[in-house]
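Analysis of the macromolecular model
Chain by chain, the residues:
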Amino acid sequence: MALPFFFKGKNQILNRCRDDSVTGMRLKYAPYYRVIDAQQGPRITVGGRDMIMLASNDYLGLSFHPRVIEAGRDAMLKWGASPTGARSANGSRAYHVELEERLAAFLGREACHVHSAGYLSCVASVATFAQKGDVILADKNIHSSLWDGIRLSLATCERFSHNNAADLRDIAASLSPAAPKMLVVEGVYSMEGHIAKLPEIIGVAKEHHCFNVLDDAHGFGVLGRQGRGTLDHFGLNGDVDILCGSLSKSLGSTGGFVAASRDVIEYMRTHSKQTIFSASLSPSQAACALAALDLMQTEPRHQERLWASTRRYRDMLHGLGLDTWGSETPATPIVLGSKERVYRFWQALLEKGVFTVMAIAPAVPPGKDLIRTAISAMHTDEQLDRIADAMAYAVKKL
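Being a predicted model, the structure only gives us computed values, none of them experimental.

**Overview of the sheet that holds strand S2 (residues 43-46)**
Spatial ordering of the open sheet is given by S1-S2-S3-S14, a layout of four strands whose pairing is mixed. Each edge of the open sheet is held by one strand with a lone partner, namely strand S1 (38-40) and strand S14 (354-355). Bridge count between strand S3 (residues 49-53) and S14: two bridges; the pairing is parallel. Following the sheet pairing, Ile-52 is matched in S14 by Val-354. Across the face of the sheet, helix H16 (residues 381-397) comes into contact with S2, S3 and S14 while running at roughly 95° to S3.

**Some thoughts on the packing of aromatic side chains**
Following the criterion strictly, the structure yields six aromatic pairs and no others. Where Trp-79 meets Tyr-95, the ring centres are 5.0 Å apart and the plane angle is 80°; that geometry is what we call edge-to-face. Taken as a pair, Trp-79 in helix H3 (residues 66-79) and Tyr-95 in helix H5 (residues 94-107) lie far apart in primary sequence, 16 residues in all. For Tyr-95, a relative accessible area of 9% puts it in the buried group. Chaining the aromatic ring pairs together yields one cluster made of Phe-106, Phe-220 and Phe-257. The cationic tip of Lys-352 hangs over the ring face of Tyr-393; the distance from NZ or CZ to the ring centre is 4.6 Å.

**Some remarks on unusual backbone geometry**
Note that the residue after Ala-361, namely Pro-362, is joined by a cis bond; omega there is 10°. Relative to the elements of secondary structure, Pro-362 occurs in the loop between strand S15 (357-359) and strand S16 (370-374). Phi at Leu-154 takes a positive value of approximately 70°, unusual for a residue other than glycine. Along the chain, the position of Leu-154 falls in the loop between helix H7 (144-153) and strand S6 (156-160). Although it is not a glycine, His-209 adopts a positive phi angle of roughly 55°. With respect to the helices and strands, His-209 occurs in the loop between helix H9 (198-207) and strand S10 (211-215).

Conventions used here
Residues numbered from 1 in each chain as written. Predicted model: local features only at pLDDT ≥ 70, side-chain atom pairs only at ≥ 80, totals over all residues. Heavy atoms only, no water. Pairing = 2+ DSSP bridges. Helix = DSSP H or I, 4+ residues; strand = E, 2+ residues; numbered from the N terminus. Contact = heavy atoms within 4.5 Å. Axes fitted to C-alpha atoms, helices over the stretch in contact; angles between N-to-C directions. Phe/Tyr/Trp six-rings, centres within 6.5 Å; stacked < 30°, edge-to-face > 60°. Buried < 20%, exposed > 50% of the residue type's maximum accessible area, 1.4 Å probe, protein only. Lys NZ or Arg CZ within 6 Å of the ring centre and 35° of its normal.

Shown next, in the form of structure tokens:
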């Protein structure tokens, strides 16, 4: 007896979940969703073993700063655990407004809006403002959240070669001058560790009257004066229409933000589904981010330590003959070229107590399969020594 069409449809979906190639990959290459039993800064416990975290984006190490932890605890005692809904439905809280005003002032913007996830901030920054008939000019290596925003916008997308202003100029020149255009790039590309060539790229965007969107999740806190980010690093603070970023990296919290003119932020609040229909930032998340923002401005030693450790780490990797893909930032890949080599290298590091993560095609271009690592200001000299020993062991074993 033939199955009704809806049973066939269900089985087809279930079969995708059981697909041998996916299941085999999941079982064999298992660096993802590993359970960490305890953590204190870069020290973690996995399966009873003491290990060093080398995959976190806690660049300034502020997620364990006493003032950040105290701020989160006090906010929860005052406001409860959660606002339990969207701001459009049950109101903004005073802690939302305070964080937004402080971020806007720090970044030199008129206004800011905070989301409960950086992913939402990136999607909203694109999908809210581009529409069918517009043309989006996007760097090929932008984050998945920005690609999702592009798809939701229904705009036409033209991709230009990574960090290549000449290719961007050629593509832009081929388009109708009358077509509304949006540029979408990152400040620091998290997988490669590259700093965007913003002076050249924004220069092209200006020539073609583009509306500019910059995701600076991995530049904020790392580059610029007091961590103001990639725009400040290049002295281009007024040259981007929308600046979005993350609270879950240098600010040691969770969430995201969009900073722009007041008109742009108010338009997003009334037109963005990601903003209107998502639950708002919790009291502890906002308070932790605000405390970390204070520390970025009053304790420069965290940024200084981050860069000192990054230089030492990169020199060590180069001394071992490892390919870091030209990384210029604490986000430092180790390119090994095939998923098999990446897996063996990752496993060797795990044996020596160093926790990293694999990134293989299609998450990276073919032939660029890599171990993704990131340095934190909290890594001690002793931990960096242990990491160096583990890397040398992994190279020898490979």
